[in-house]
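Residue strings, one per chain:
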Amino acid sequence: MYGFVGDQVEVRGHIELRTTFIDGTASRTANIKYLVVNTPSAYNILLSRLTLNKIGAIASTRHLKMKLLSLEGAVITIKSGQKEAKKCYENSLKTKRGVFGVTTQPPREEGVTRAEIARARRPEPAEVVQEREIGGKMFKLGKSLG
């Protein structure tokens with residue numbers, strides 16, 4: 001695994017935690033698998049695209065917000081601010097960057113290949129698709145698209 005500036009990062013393991021996102025009275029709890037790494041960072045956690053998709057979250061770095069639905073359908077908004085973003089950026093410039101060796105690999109079930117894991121994580125189309133050629137390349141598009 002590599003960090004933001006291309007340096008190698010030591011992976012310590014995984015931990016699955018019940019994580020609750022709260023906005024006023026609306027909340028959502030999900031089991032999230034966190035990758036534990038040994039590296040100086042200005043961030044407490046980074047949520048992967050897989051996790052954001054799993055909880056149905058939409059993140060906007062421009063607006064420093066993340067939105068997701070509670071199980072009751074209420075919109076939960078997780079906010080940050082310019083002060084926090086600036087502080088994280090300044091702290092990231094101060095951290096001493098080093099190269100670490102990867103010591104462990106994520107656990108996986110016996111007999112399950114990496115390709116099978118990747119296929120299981122791949123999102124499926126929401127509707128029937130058709131293949132169309134655009135600019136000399138084949139694409140799969142939803143039939144409802146013009």
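Residues numbered from 1 in each chain as written. Predicted model: local features only at pLDDT ≥ 70, side-chain atom pairs only at ≥ 80, totals over all residues. Heavy atoms only, no water.

**Comments concerning the overall build of the protein chain**
And step 1. When you go through the protein chain residue by residue, the secondary structure sums to three helices and seven strands.
And step 2. Ordered by position from N to C terminus, the α and β elements of the protein chain give β-β-α-β-β-β-α-α-β-β.
And step 3. Expressed as a percentage of the 146 residues in the protein chain, the buried residues total 17%.
And step 4. Expressed as a percentage of contacts within the protein chain between residues at least 6 apart in sequence, the contacts between residues at least 24 apart total 41%. (Helix = DSSP H or I, 4+ residues; strand = E, 2+ residues; numbered from the N terminus. Buried < 20%, exposed > 50% of the residue type's maximum accessible area, 1.4 Å probe, protein only. Contact = heavy atoms within 4.5 Å.)

**Some words on the sheet that holds strand S3 (residues 58–60)**
And step 1. The three strands are arranged S3-S4-S5 in an open sheet whose pairing can be described as antiparallel. The open sheet terminates on both sides in strands that have one partner only, identified here as S3 and strand S5 (75–79). Neighbour-to-neighbour, the strand axes of the sheet open up by a mean angle of 15°, direction not taken into account. (Pairing = 2+ DSSP bridges. Axes fitted to C-alpha atoms, helices over the stretch in contact; angles between N-to-C directions.)

**Details of the environment of Arg-12**
And step 1. Counting through the fold element by element, Arg-12 comes out in strand S1 (residues 10–23).
And step 2. C-alpha of Arg-12 to C-alpha of Val-37: the two residues are 25 residues apart in sequence and 5.3 Å apart in space.
And step 3. Within the local environment of Arg-12, its side chain forms a polar contact with the side chain of Glu-10, the two groups lying 3.1 Å apart. (Polar contact = N/O pair within 3.5 Å; in protein donor to acceptor, adjacent residues only side chain to side chain.)

**Here we look at the environment of His-63**
And step 1. Position of His-63 relative to the elements: it lies in the loop between S3 and strand S4 (65–69).
And step 2. When the C-alpha atoms of His-63 and Lys-79 are compared, they prove to be 8.5 Å apart, with 16 residues separating the residues in sequence.
And step 3. A distance of 2.7 Å separates a polar atom in the side chain of His-63 from a polar atom in the side chain of Ser-60.

**Remarks on the confidence of the model for the protein chain**
And step 1. Of all residues in the protein chain, 78% have pLDDT values of 70 or greater, and the mean over the chain is 79.
And step 2. By mean pLDDT, helix H3 (residues 114–121) is the weakest element of the protein chain at 71, and S4 is the strongest at 93. (pLDDT = per-residue confidence, 0-100.)

**Things to note about the pattern of salt bridges**
Close approach of charged atoms allows side chains with opposite charge to pair.
And step 1. Applying the stated criterion to the full structure yields one salt bridge.
And step 2. Here Arg-12 ties to Glu-10 by a salt bridge, and the two come within 3.1 Å at their closest N and O atoms. (Salt bridge = Lys/Arg side-chain N within 4 Å of Asp/Glu carboxyl O.)

**Structural notes on a nonpolar patch on the surface**
And step 1. A cluster of nonpolar side chains, Ile-15, Leu-17 and Val-36, forms an exposed patch at the surface whose accessible area comes to about 210 Å².
And step 2. Tracing the chain through its elements places Ile-15 in strand S1.
And step 3. Since its relative accessible area comes to 38%, Ile-15 is described here as partly exposed. (Patch = residues over 30% accessible without salt bridge, like charges linked within 9 Å, V, L, I, M, F, W, Y side chains within 5 Å. Areas by Shrake-Rupley, 256 points an atom, 1.4 Å probe, with all protein chains shown as cover.)

**Topic: unusual backbone geometry**
And step 1. Even without a glycine there, the phi angle at Leu-64 is positive, about 55°.
And step 2. With respect to the helices and strands, Leu-64 occurs in the loop between S3 and S4.
And step 3. Residue classification places Leu-64 among the partly exposed positions, given a relative accessible area of 22%.

**Examining the pairing of strand S2 (residues 26–38)**
And step 1. Bridge count between S1 and S2: 13 bridges; the pairing is antiparallel. Along S2, the bridge assignment pairs Phe-21 with Arg-28.
And step 2. Where S1 folds back on S2, the antiparallel hairpin that results is connected by two residues, among which Gly-24 adopts a positive phi of roughly 65°.

**A word on the nonpolar core**
And step 1. Counting residues in hydrophobic clusters, the biggest one holds eleven residues: Phe-21, Ala-26, Ala-30, Ile-32, Tyr-34, Leu-52, Ile-55, Ala-57, Met-66, Leu-68 and Ile-76.
And step 2. Of the residues forming this core, the biggest block, four residues, is contributed by S2.
And step 3. If sequence neighbours within four positions are ignored, Ala-57 has contacts with Leu-52, Met-66, Lys-67 and Leu-68. (Core = buried A, V, L, I, M, F, W, Y, C linked by side-chain atoms within 4.5 Å.)

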